[in-house]
Amino acid sequence: MPTVNYAGSDLGFDLYAIEDVVLEPGVPVRVRTGIAVEGPEGFGFVLGDRSSMAAKGITYAGGRIDAGYRGEILVCLVNVNQPKYSLRVAHDMQGALTHAELQKTDASVTIRKGDKIAQMSPFQSMTHLEIIAVEALAESSRGAKGFGSSGL
């Protein structure tokens, strides 16, 4: 079952893996949670990263749980860690190259059954709002500034 440590203060419920999974670098993997949800009328859920997973180099590869979806929640995780490579070289007594070997560190991460893997936050559907085409938008203090315009 999803859990929350500080109800009313935490923004999301923790979701758990129900099986062991190995995450190879760069390969999206759908991790089973064993749960399906039904929120209040008009509410879906947004899934997001847990900071403890991000610290291990694991990120969530987006998605939404629509209000009408009744299937199992699968959490798509991606291991963004990269292996480190080194070259091991051996020489004979005269200094001639005798052997060269490329070594690679294992950058895979194992998720264990029962690990917290993502957070699920309730989100009210507002897609019933009318969309209107306009020639221009109202002015704002921010305007079109984006992508770090408010500082790093």
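Residues numbered from 1 in each chain as written. Predicted model: local features only at pLDDT ≥ 70, side-chain atom pairs only at ≥ 80, totals over all residues. Heavy atoms only, no water.

**A closer look at the layout of surface pockets**
Next, step 1: One number sums up the size of the largest pocket: a volume of about 170 Å³.
Next, step 2: For the largest pocket, the full set of lining residues is Gly44, Phe45, Val46, Arg64, Ile65, Asp66, Ala67, Phe123, Gln124, Ser125, Met126 and Thr127.
Next, step 3: Per-element accounting of the lining of the largest pocket gives the leading share, three residues, to strand β4 (residues 43–48).
Next, step 4: Of the residues that constitute the lining of the largest pocket, the class distribution is six nonpolar, four polar and two charged. (1 Å grid on protein atoms, 1.4 Å probe; cavity = no way out; pocket = protein on both sides within 12 Å on 5 of 7 lines; lining within 4 Å. Points joined across faces, edges and corners; volume = space filled by probe spheres on them. Helix = DSSP H or I, 4+ residues; strand = E, 2+ residues; numbered from the N terminus. Nonpolar A, V, L, I, M, F, W, Y, C, P; charged D, E, K, R; others polar.)

**Observations concerning the nonpolar core**
Next, step 1: Core analysis: the biggest nonpolar cluster contains 22 residues, and Leu47, Ile73, Val75, Leu77 and Ile117 have the highest contact counts within it.
Next, step 2: Looking at this core element by element, the count peaks at three residues for strand β11 (residues 116–124).
Next, step 3: Beyond its immediate stretch of four places on either side in the chain, Ile117 contacts Leu15, Tyr16, Ala17, Val31, Thr33, Arg50, Met53, Val75, Leu77 and Ile111. (Core = buried A, V, L, I, M, F, W, Y, C linked by side-chain atoms within 4.5 Å. Buried < 20%, exposed > 50% of the residue type's maximum accessible area, 1.4 Å probe, protein only. Contact = heavy atoms within 4.5 Å.)

**Structural notes on the confidence of the model for the protein chain**
Next, step 1: With 98% of its residues at a pLDDT of at least 70, the protein chain reaches an overall mean of 89.
Next, step 2: Mean pLDDT across the elements of the protein chain ranges from a minimum in strand β9 (residues 97–104), with 81, to a maximum in strand β2 (residues 21–23), with 97. (pLDDT = per-residue confidence, 0-100.)

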